[in-house]
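Here's the letter readout for the chains.
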Amino acid sequence: ELKVEQNPLFLSMQEGKNYTIYCNYSTTSDRLYWYRQDPGKSLESLFVLLSNGAVKQEGRLMASLDTKARLSTLHITAAVHDLSATYFCAANAGGTSYGKLTFGQGTILTVHP
Amino acid sequence: DGGITQSPKYLFRKEGQNVTLSCEQNLNHDAMYWYRQDPGQGLRLIYYSQIVNDFQKGDIAEGYSVSREKKESFPLTVTSAQKNPTAFYLCASSISGEGAGELFFGEGSRLTVL
């Protein structure tokens, strides 16, 4: 059974600082996804990581995937208040279950002045 | 604009009642999904459908039912057998096959049992 764990679960950052959210998964998965959720809202796709060594960047966020270590990271550079949200990683078991995702618990990020 | 529409946004139910949550998409996606989110937790898969007239149970299907009579629509019924139905319900869709994992979500339906 695929399990996905994120840490930290809560992250309070000062504006301008850097930090990394970690996402570990328990069994082989050939792709990893990151989503953002604002309070009371739905989820928005941030990154799709399809292979070992994949790195994607959008603004102050950069995601990477190491399938050998079963680890993905979401790095935040020079945080700003607008990045405050809950971030989820999700992995799939591959094969015919491509669309069946297992989500991590989410990391609640708060950026303050 | 293409997207996923869920309704209602808020729903109150008395114990013992069945309720149906609507999900419609105009993205021409083959696959559709229902997830449940409880406060402070990740999403858990209830049901999914990869093609019309076919669907599979997810991790927490007990007390729920679905149908997929049209490509655009994937309604979820929360039955009285669901012991703890108060939650935020999210419908999603994706293309099928290798690109299927990137999900596009609706705005969600918040169900409260009184």
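Residues numbered from 1 in each chain as written. Chains lettered and ligands numbered in written order. Predicted model: local features only at pLDDT ≥ 70, side-chain atom pairs only at ≥ 80, totals over all residues. Heavy atoms only, no water.

A separate point is the environment of His29(B). All names here are of chain B. In this fold, His-29 is placed in the loop between strand S3 (19-25) and strand S4 (31-37). Sequence separation between His-29 and Arg-68 is 39 residues, and the spatial gap between their C-alpha atoms is 13 Å. Dropping the residues within four chain positions of it, His-29 is found in contact with Arg-68, Lys-71, Ser-93, Ser-94, Ile-95 and Phe-104. At 2.7 Å, the side chain of His-29 and the side chain of Ser-93 are in polar contact. One polar contact links the side chain of His-29 to the main-chain amide nitrogen of Ser-94, over a distance of 3.4 Å. (Helix = DSSP H or I, 4+ residues; strand = E, 2+ residues; numbered from the N terminus. Contact = heavy atoms within 4.5 Å. Polar contact = N/O pair within 3.5 Å; in protein donor to acceptor, adjacent residues only side chain to side chain.)

All names here are of chain B. One open sheet holds the four strands; their spatial order is S1-S3-S8-S7, and the pairing between them is antiparallel. What marks the edges here is a single partner per strand, and that holds for strand S1 (4-7) and strand S7 (64-66). Across this sheet, the average inter-strand angle for adjacent strands is 20°, counted without regard to direction. (Pairing = 2+ DSSP bridges. Axes fitted to C-alpha atoms, helices over the stretch in contact; angles between N-to-C directions.)

Interpretation note: all reported values are geometric properties and have no functional meaning in isolation.
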